[in-house]
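Results of the structural survey
These are the residues of each chain, in order.
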Amino acid sequence: MNKRLFLKTLGLGIAGLPLNYALANDNGELAKKTILPRGIQQGDKIGIISPSAATADRIQFDFAKETMGALGFEVQLGENLKNRRGHLAGTDEERAADLNEMFADKDIKAIICIRGGSGAARILPLIDYNIIKKNPKPLLGYSDITALHNAIHAKTGLITFHGPNGSGSWNSFNVKQFENMFFKKEMVSFENEQVKGDDLIVKQNRIQTIRPGIASGKILGGNLTVLTALSGTPYLPDFENAILFVEDIGEDPYKIDRMMSTLLLNGTLSKIKGFIFGQCTDCNPSGGFGSLTLDDILDDYILPLNIPAYKGAMIGHVPKQFIVPVGGQVEMNANAGTFKLLEKVFQD
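Rules used throughout
Residues numbered from 1 in each chain as written. Predicted model: local features only at pLDDT ≥ 70, side-chain atom pairs only at ≥ 80, totals over all residues. Heavy atoms only, no water. Helix = DSSP H or I, 4+ residues; strand = E, 2+ residues; numbered from the N terminus. Buried < 20%, exposed > 50% of the residue type's maximum accessible area, 1.4 Å probe, protein only. Contact = heavy atoms within 4.5 Å. Disulfide = S-S within 2.5 Å. UniProt positions renumbered as here; feature names shortened; annotations may be inferred. Core = buried A, V, L, I, M, F, W, Y, C linked by side-chain atoms within 4.5 Å. Domains from an automatic or database assignment. Buried area = accessible area lost by both parts, 1.4 Å probe. Salt bridge = Lys/Arg side-chain N within 4 Å of Asp/Glu carboxyl O. Polar contact = N/O pair within 3.5 Å; in protein donor to acceptor, adjacent residues only side chain to side chain. Nonpolar A, V, L, I, M, F, W, Y, C, P; charged D, E, K, R; others polar. 1 Å grid on protein atoms, 1.4 Å probe; cavity = no way out; pocket = protein on both sides within 12 Å on 5 of 7 lines; lining within 4 Å. Points joined across faces, edges and corners; volume = space filled by probe spheres on them. Pairing = 2+ DSSP bridges. Axes fitted to C-alpha atoms, helices over the stretch in contact; angles between N-to-C directions.

If you check an unreviewed UniProt entry, the protein chain appears there as Muramoyltetrapeptide carboxypeptidase from Cecembia calidifontis.

See below:
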């Protein structure tokens, strides 16, 4: 994910829209009520869209279609899925149209994003949130798709799903989790899979408790860079009494510090009841006069909150990743480094 390009295009995309158009599509205040998506089953037709960056290798379209077919779905590709405008998968209008049309189409039971990258925030003013309210269905994706998860929940209250993209890794862990959540409708528990390997102790997928304790609430968040870029907009949900989860990739610790500062200054951190930090892949300092560590940064911002918190959850840019129902009610245990669903995330 090219974060600098994302932030630049975010500003250009929204600034380039007529003011009255953006206001007309605002849909008023933040959503107050949670909406559950309708359930899905094998044999259903699902749609694949690309609301963010373009896909360079044509075989990735085949991978995504074949993966969804292997899960038991009939697949419909978005009309503009293979388009390209610069680094984006088509114009803002084209990408938004695919999302709106998939939600409006009664035959489409779920929507899978083929990849992240950057650019999803550009289409937020173009989304028809009223159509989404009338046609609640699962939306799956992560990374830049964080913009859609948060905007849709803020505007409609719909629960969406932060997890593997269509062209991403669909290993046995991810497939089993998908089946348990979407097909079996289980009250899923999220606990890291720890593999000892050829070592005396377990080192992979270890969790670290920042502050012990148990907390429950609505789980919200996603990619830290994308989330904080929504600060000050009507597309950021209300984090009152929420469990905040975040992850990132390719960011120096000083950038993580800046983004955590944003969450402090915009009031998000003062509202939350619990904090889960996933994986920060390739988040290493790159020169200069030294650097705070990620541990230092989280201690500075999270410890003073006196809330349960832990890091190391299998959330983020990693092959095996949790499918997190954004807006679902969960209970987290910072001592054990786990969280679990407390309420159903699909309609009966």
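Still to come is the rest of the account.
Some points on the environment of Met181
As for its placement among the helices and strands, Met181 is situated in helix 7 (residues 172-183). Looking at Met181, the relative accessible area reads 1%, which means it is buried. Residues Met181 and Glu251, spaced 70 residues apart in sequence, show a C-alpha to C-alpha distance of 31 Å. If we ignore the near neighbours within four places in the chain, the residues touching Met181 are Phe161, Glu186, Val188, Phe190, Ile323, Pro325, Leu341 and Phe346.

Here's the deal with the state of the cysteines
If you walk through the whole model with that rule in mind, you get one disulfide. The partner cysteine of Cys280 in its disulfide is Cys283, sulfur to sulfur 2.2 Å. Handedness here is read from the sign of the S-S torsion; for Cys280 and Cys283, about -80 degrees, the answer is left-handed. The buried category is assigned to Cys280, whose relative accessible area is 19%. Residue classification places Cys283 among the buried residues on the basis of a relative accessible area of 12%.

Brief notes about the UniProt feature "domain: LD-carboxypeptidase N-terminal" (unreviewed entry) in the protein chain
Under the feature "domain: LD-carboxypeptidase N-terminal" (unreviewed entry), the UniProt entry names residues 46-163. Between the C-alpha atoms that bound residues 46-163 the distance is 16 Å, and the span itself is 36% helix and 17% strand.

Description of the nonpolar core
Within the largest apolar cluster, 97 residues are counted, with the highest numbers of intra-cluster contacts made by Leu124, Leu148, Met260, Phe275, Ile276 and Phe339. Here this core gathers at least three residues from each of two domains, domain 1 (45-170) and domain 2 (193-341). In this structure, Ile276 is in contact with Ile219, Ile243, Leu244, Phe245, Val246, Tyr310, Ala313, Ile315, Met332 and Phe339, ignoring residues within four places of it in sequence.

Observations concerning the domain arrangement of the protein chain
Split into domains, the protein chain comes out as domain 1 (45-170) and domain 2 (193-341). Listed by partner, the interface residues are 23 residues for domain 1 and 27 residues for domain 2. For the pair domain 1 and domain 2, the summed buried area comes to about 1,900 Å², and 65% of that belongs to carbon and sulfur atoms. It is Asn150, His153 and His162 in domain 1 that bury the most area against domain 2; as a group they hold 32% of the surface buried on that side. Where domain 1 touches domain 2, the interface holds zero salt bridges. Along the contact surface separating domain 1 from domain 2 lie seven residue pairs in polar contact (both at pLDDT 80 or more). Contributions of two or more residues to the side of domain 1 that touches domain 2 are made by helix 6 (146-156) and strand 5 (160-162). With eight residues, helix 6 is the largest single contributor of residues to the side of domain 1 that touches domain 2. Of the residues contributing to the side of domain 1 that touches domain 2, the split by class is 12 nonpolar, nine polar and two charged.

Points about the side chain of Gln177
Here Gln177 lies in helix 7. Residue class for Gln177 comes out buried when judged on its relative accessible area of 7%. When neighbours within four sequence positions are excluded, Gln177 is seen to be in contact with Phe190, Gln321, Phe322 and Ile323.

A closer look at empty space enclosed by the protein
What the rule picks out here adds up to one cavity of 30 Å³ or more. Put simply, the largest cavity is a space of about 30 Å³. What lines the largest cavity is Ile40, Ile46, Phe73, Ala110, Ile112, Pro138, Leu140, Phe178 and Phe182.

Focus on the sheet that holds strand 2 (residues 74-77)
A sheet is described by the order of its strands in space; here six strands give the open sequence 2-1-3-4-5-12, paired in mixed fashion. Either end of the sheet is taken by a strand with one partner, and the two such strands are strand 2 and strand 12 (324-326). Strand after strand, the sheet turns through a mean of 25 degrees between neighbouring axes, direction not considered. Summarising the sheet, strand 5 and strand 12 pair through three bridges and their orientation is antiparallel. Looking at strand 12, one finds that Thr160 is bridged to Val326. Its contacts with the sheet put helix 4 (residues 92-104) on strand 1 (45-49), strand 2, strand 3 (108-113) and strand 4 (139-141), and the angle it makes with strand 1 is roughly 170 degrees. Sheet strands in contact with helix 6 are strand 3, strand 4, strand 5 and strand 12, and its direction is about 150 degrees off that of strand 5.

So, unusual backbone geometry
Even without a glycine there, the phi angle at Asn205 is positive, about 60 degrees. Structurally, Asn205 can be placed in the loop between strand 6 (189-191) and strand 7 (208-211). Positive phi, normally seen in glycine, also occurs at Asn306, with a value near 55 degrees. Secondary-structure assignment places Asn306 in the loop between helix 11 (294-302) and strand 11 (309-311). Judged by relative accessible area, which is 57%, Asn306 ranks as exposed.

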